[in-house]
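Structure at a glance
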Amino acid sequence: MSSTELPGTRAAAAALAPTVSAVRVAEGEKLRSVPLPGLTLTVRARPGATAGLAPALYVHGLGGSSQNWSALMPMLADVVDGEAVDLPGFGDSPPPDDGNYSVTGHARAVIRLLDAGQRGPVHLFGNSLGGAVATRVAAVRPDLVRTLTLISPALPEIRVQRPAVPTGLLALPGVASLFSRLTREWTAEQRTRGVMALCYGDPGRISDEAFRHAVAEMERRLELPYFWDVMTRSARGIVDAYTLGGQHGLWRQAERVLAPTQLVYGGRDQLVSYRMARRASAAFRDSRLLTLPDAGHVAMMEYPEAVAQAFRELLDECGGS
């Protein structure tokens, strides 16, 4: 057992996992399980409209899953063969054997997936935590990345926004269990409304159907015996990455990225500051910037058309492949 793994976590997960509700699969999507050394990843595929399209991989943020890309993927199915991964412990992917939820650990999982499937180089997309993961992958394995699209990437900020503070506090020992006890009576609907108020620039844009699906996913996650452990350790991984300096620091790695990069920032983002757009534009050597004044933290879910158009323009600049 890893020294970072809570006793009994895997045993509890194995015992209770069969009772957990099934993950939603939208029309046109397919799920598959990919066994790799030390972990198993669930991949949500949206095959390209025609054979031979360049591959794309989408990486979600903290507390998210591959479903976060279900609005964007069909809009790009005519130009890429898309897959979205559930990071270890998120979505339908079980916890990794080593209990490593650091940014580096998640990046290694993505690299293993790409190496095993021999899909690289891919058009790599990342949101929030997934943006930090994608940045690290592009920096250390440039051979795996054709282009990089980052939506509100979780790159280190000196002045963290106030709404993001609870995420950092979640990394502290005991805070997750305390929060779990204090919110025991909260319904899945209440939790979902809270998450959407934090992540969306305008929660009113969410359709009734999308809200129902989000509540069902929240109910499913709360059934997972390792839910809070994964959230805690992944939040700790983000905090650790923010404090890491030298050549392994995320901003230093951003400077090493060779792939053409599309940056997307929302003016109403409560978790990643809009002001970081300028620094990111300077750090990534071959970057272009899309700012969406009314978007929050998940522009690919709020304004998928705008994000899709930005990627198409990036693709055109790169010769259409």
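Bear in mind the structure is a predicted one, so any value in this text is a computation, not a measurement.

A short note on the overall build of the chain
- In terms of regular secondary structure, the chain is built from twelve helices and eight strands.
- A total of 321 residues make up the chain; the buried ones form 53% of that total.
- A fraction of 76% describes how many contacts in the chain between residues 6 or more apart in sequence connect residues 24 or more apart.
- Approximately 14200 Å² of the chain is accessible, and the part contributed by carbon and sulfur atoms is 54%.

A closer look at the side chain of Gln262
- Position of Gln262 relative to the elements: it lies in strand 7 (residues 261-266).
- Those residues within four positions of Gln262 in sequence are excluded, and the remaining contacts are Leu148, Thr149, Leu150, Arg288, Leu289, Leu290, Ala310 and Leu314.

Let's talk about helix 7 (residues 208-223)
- Spanning 16 residues, helix 7 covers 23 Å between terminal C-alpha atoms, matching the ideal 22 Å at 1.5 Å per step.
- Of the surrounding secondary structure, the elements contacted by the buried residues of helix 7 are helix 6 (188-199) and helix 8 (227-243).

Concerning the packing of aromatic side chains
- Here the structure, examined in full by the defined rule, presents five aromatic pairs.
- The interplanar angle of 45 degrees and the centroid separation of 5.2 Å between the aromatic rings of Tyr58 and Trp69 together place this pair among those described as tilted. Taken together, the positions of Tyr58 in strand 3 (residues 54-59) and Trp69 in the loop between strand 3 and strand 4 (80-86) put the pair eleven residues apart, joining distant regions of the chain. No difference in accessibility class separates Tyr58 from Trp69, as the two residues are buried.
- For the cation-ring pair, Arg205 lies above Tyr303, with the distance from its terminal atom to the ring centre recorded as 4.1 Å.

Things to note about the pairing of strand 3
- Among the six residues of strand 3, six are classified as buried, and the element is accordingly described as predominantly covered.
- Burial of the side chains of strand 3 extends over both faces: Ala54, Ala56 and Tyr58 are buried on one face and Pro55, Leu57 and Val59 on the other.
- Pairing of strand 3 with strand 5 (residues 122-127) involves four bridges; the strand directions are parallel. Looking across to strand 5, one finds that Leu57 is bridged to Leu124.

What to know about the pattern of salt bridges
- The final tally for this structure, using the stated rule, is 14 salt bridges.
- Close ionic contact of Arg233 with Asp229 constitutes a salt bridge, the shortest N to O distance being 2.7 Å. Linking Arg233 with Asp229, this pair stays in helix 8, spanning four residues, or about one helical turn. For the pair Arg233 and Asp229, one class covers both residues: buried.
- Each of Arg32, Asp81, Glu83 and Arg119 takes part in one network of salt bridges that share partners.

Some remarks on helix 8
- Across its 17 residues, helix 8 extends 25 Å between first and last C-alpha, which sits within 8% of the 24 Å expected from 1.5 Å per residue.
- Along helix 8, the positions that sit buried rather than exposed are Phe227, Asp229, Val230, Met231, Thr232, Arg233, Ser234, Ala235, Gly237, Ile238 and Ala241.

Concerning the pairing of strand 1 (residues 30-36)
- Inspection of the sheet shows strand 1 paired to strand 2 (residues 39-46) by seven bridges, in the antiparallel sense. The residue bridging Leu31 from the neighbouring strand is Arg44, located in strand 2.
- Between strand 1 and strand 2, which pair antiparallel one after the other, the connecting turn spans two residues, and Gly38 there sits at a positive phi close to 85 degrees.

What counts and how
- Residues numbered from 1 in each chain as written.
- Predicted model: local features only at pLDDT ≥ 70, side-chain atom pairs only at ≥ 80, totals over all residues.
- Heavy atoms only, no water.
- Helix = DSSP H or I, 4+ residues; strand = E, 2+ residues; numbered from the N terminus.
- Buried < 20%, exposed > 50% of the residue type's maximum accessible area, 1.4 Å probe, protein only.
- Contact = heavy atoms within 4.5 Å.
- Areas by Shrake-Rupley, 256 points an atom, 1.4 Å probe, with all protein chains shown as cover.
- Expected span 1.5 Å × (residues − 1).
- Phe/Tyr/Trp six-rings, centres within 6.5 Å; stacked < 30°, edge-to-face > 60°.
- Lys NZ or Arg CZ within 6 Å of the ring centre and 35° of its normal.
- Pairing = 2+ DSSP bridges.
- Salt bridge = Lys/Arg side-chain N within 4 Å of Asp/Glu carboxyl O.

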